[in-house]
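Results of the structural survey
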Amino acid sequence: MSGITLSNAVRQNLLTLQDTASMMSETQNRLATGNKVNTAVDNANSYFTAKGLNDRASDLSTLQDNMSLAVQTLNAASQGIDSITKLVSQAKSIANQALQTTVTAATASSAVVATDYSTAANSGLTLTFKIGDNASTSVTLTQDVTSAGVLKTALSGKVSGLTVSTSGGQIKFSVASGVNFKVSGTAVGTAIASNISTSNGANRAKFQTQYNDLLSQIDQLSKDASFNGVNLLTSGTTLTVNFNEKQTSKLDIAGVKLDAAGLSLTSVSNWDAADSNVATSVASLDKATTTLRNQSSTFGSNLAVVQNRQTFTTNLINTLGQGAAGLTLADTNQEGANLLALQTRQSLATTALSLSNQAQSSILSILR
């Protein structure tokens, strides 16, 4: 091709067409990709600056996912505290009901008349006593029952927790306030037991059982208030929420033991002994309620911080993205106008090249 000689006019028009075609290709590429900087070759400074901004936005987006998990973990803990607070309130209601219950002694009495049992065989007279949670105690009498006094003498001191007395020819068995009491008999003793009328009195046993059951529910609920394997209602747990990609900005949220033991609530078995024991339980429940409210407030404050950083991070990601876009994105309106102008220039250059060729042809015609 080096042997071909082109006139200056033709060569200039050809160069113009080549430049126009190159610019058209570049403009079409910008319109197709939407970017004016696609590689470092296009603009190294803009390309690498935009890449750094986009990389940071990507890192922050990952942190934002972790913040979302932290929010849900705090929500789970908060919901757990709300439910535990309701159980504590229910336990307090049960304790107050127990306070309103007056404890009365369990008693048993029998009309023992000499003529009724004068023929009783010594070896066959057995009475069995069941007092509270103690094991049953059986007493076999060693003499005939001829009077209430004889029976009292035979039983006195034989059964732990049992008081034996007589009144008006009758024998009376008494136990401590609120303790369940039952008498049964074998052989001739059955005849005596059948004449005994018993009263278990009034006690707070059922309230104690309900109260202790609620403490068990508090323990179970505190263990179940976890999210994504993190439970803030147990001690030794720390939830770390990072707010920047270098982990130099963060919030450490410490877990708190909020089961029954953590709230200083213990099972009870002594409510029948004194009202003050029930009052002590009520006071412990009041303290537990205060503890739960304070911790709920702490978790609420932590939640507000995390949500605020979530909003900030979202806005920062958008800012970084806009900054990167400003360096690399093409103005499609401008590029469209550029393409139209280049198409016009290409058309004119083609026409000019054609005219130059016609001029050469005219010279050739003259030479002929």
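Predicted, not measured: the structure shown is a model, and the values here were computed from it.

Things to note about the overall build of the protein
The helix and strand inventory of the protein stands at 8 helices and 11 strands. Taken across its 368 residues, the protein has 33% of its residues classed as buried. Summed over its atoms, the accessible surface of the protein is roughly 20300 Å², and 49% of this surface lies on carbon and sulfur atoms.

Some thoughts on the pattern of salt bridges
One pass over the full model with this rule turns up 4 salt bridges. One salt bridge connects Lys 51 with Asp 55, and the closest N-O pair in it is separated by 3.1 Å. Here the residue Lys 51 and the residue Asp 55 both occupy positions in helix H2 (residues 44-99), the gap between them amounting to 4 residues, near one helical turn. Put simply, Asp 259 and Lys 257 hold a salt bridge, and the shortest N to O gap is 2.7 Å. Asp 259 gets classed as buried once you look at its relative accessible area, which sits at 13%.

Some words on the environment of Gln 217
Secondary-structure assignment places Gln 217 in helix H6 (residues 205-224). Between the alpha carbons of Gln 217 and Ile 84 there is a distance of 8.6 Å; along the sequence they are 133 residues apart.

Looking at the nonpolar core
Residues Val 88, Tyr 211, Leu 263, Leu 265 and Val 306 are the most contacted members of the largest nonpolar core, which totals 46 residues. Within the residue set of this core, elements represented by two or more residues are H2, H6, strand S10 (238-242), strand S11 (250-254) and helix H7 (275-328). Among the elements that line this core, the one with the most residues is H2, at 16 residues. Look past the residues within four positions of Leu 263 in its chain and what remains in contact with it is Ile 84, Val 88, Ile 218, Leu 258, Ser 284, Ala 288, Thr 291 and Leu 292. With 11 residues, the next largest nonpolar core counts Phe 129, Ala 154, Val 159 and Leu 162 among its residues.

Regarding H6
Over its 20 residues, H6 runs 29 Å from end to end, which matches the ideal 28 Å to within 8%, given 1.5 Å per residue. Taken together, the buried positions of H6 are occupied by Phe 207, Gln 208, Tyr 211, Leu 214, Leu 215, Ile 218 and Ser 222. For H6, the angular spread of buried residues about the axis comes to 120 degrees, placing them on one side. Facing away from the buried surface of H6 by more than 90 degrees, the exposed residues are Lys 206, Lys 223 and Asp 224.

Concerning unusual backbone geometry
For residues other than glycine, phi is negative in most cases, and the peptide bonds are mostly trans. Its identity is not glycine, yet Asn 228 carries a phi of approximately 55 degrees, on the positive side. Relative to the helices and strands, Asn 228 is located in the loop between strand S8 (226-227) and strand S9 (230-231). Residue Asn 228 is classed as exposed on the basis of its relative accessible area, which comes to 59%. In this model, Gln 247 sits at a positive phi of 60 degrees, which is unusual for a non-glycine residue.

A few points about the pairing of S11
A one-sided burial pattern is seen for S11, the buried positions being Leu 251 and Ile 253 and the unburied ones Lys 250, Asp 252 and Ala 254. Across 5 bridges, S10 lies against S11 in antiparallel orientation. When the sheet's bridge partners are listed, Thr 240 is paired in S11 with Asp 252.

Here's the deal with the environment of Ser 347
Inspection of the secondary structure assignment puts Ser 347 in helix H8 (residues 332-367). Placed 327 residues apart in sequence, Ser 347 and Thr 20 show a C-alpha to C-alpha distance of 9.9 Å.

Some details on the confidence of the model for the protein
Within the protein, residue pLDDT values average 77, and 68% of them lie at 70 or more. Ignoring residues within four places in sequence, the model shows residues 109-119, a span with pLDDT below 50, making 27 contacts including any to other chains. The low-confidence segment residues 187-191 (pLDDT under 50) makes 11 contacts with residues lying over four places distant or belonging to another chain.

Some words on the packing of H2 against H6
Close contact between H2 and H6 brings their axes to 9 Å; oriented N to C, the two are set at 170 degrees. Here H2 is positioned roughly antiparallel relative to H6, judged by the angle of their axes. Residues Gly 80, Ser 83, Ile 84, Leu 87, Val 88, Gln 90, Ala 91, Ile 94, Gln 97 and Ala 98 of H2 form the contact with H6, whose participating residues are Phe 207, Gln 210, Tyr 211, Leu 214, Gln 217, Ile 218, Leu 221 and Ser 222. Of the residues in the contact of H2 with H6, the class split is 11 nonpolar, 7 polar and no charged.

Quick word on the side chain of Asn 231
With respect to the element layout, Asn 231 can be found in strand S9. Among the residues examined, Asn 231 registers a relative accessible area of 8% and is labelled buried. There is a polar contact of 2.8 Å between the side chain of Asn 231 and the backbone nitrogen of Leu 233. For Asn 231, the residues in contact, after removing those within four places along its chain, are Ser 222, Lys 223, Asp 224, Ala 225, Ser 226 and Thr 237.

What counts as what
Residues numbered from 1 in each chain as written. Predicted model: local features only at pLDDT ≥ 70, side-chain atom pairs only at ≥ 80, totals over all residues. Heavy atoms only, no water. Helix = DSSP H or I, 4+ residues; strand = E, 2+ residues; numbered from the N terminus. Buried < 20%, exposed > 50% of the residue type's maximum accessible area, 1.4 Å probe, protein only. Areas by Shrake-Rupley, 256 points an atom, 1.4 Å probe, with all protein chains shown as cover. Salt bridge = Lys/Arg side-chain N within 4 Å of Asp/Glu carboxyl O. Core = buried A, V, L, I, M, F, W, Y, C linked by side-chain atoms within 4.5 Å. Contact = heavy atoms within 4.5 Å. Expected span 1.5 Å × (residues − 1). Arc of directions from axis to C-beta. Pairing = 2+ DSSP bridges. pLDDT = per-residue confidence, 0-100. Axes fitted to C-alpha atoms, helices over the stretch in contact; angles between N-to-C directions. Parallel < 35°, antiparallel > 145°, perpendicular 65-115°, else oblique. Nonpolar A, V, L, I, M, F, W, Y, C, P; charged D, E, K, R; others polar. Polar contact = N/O pair within 3.5 Å; in protein donor to acceptor, adjacent residues only side chain to side chain.

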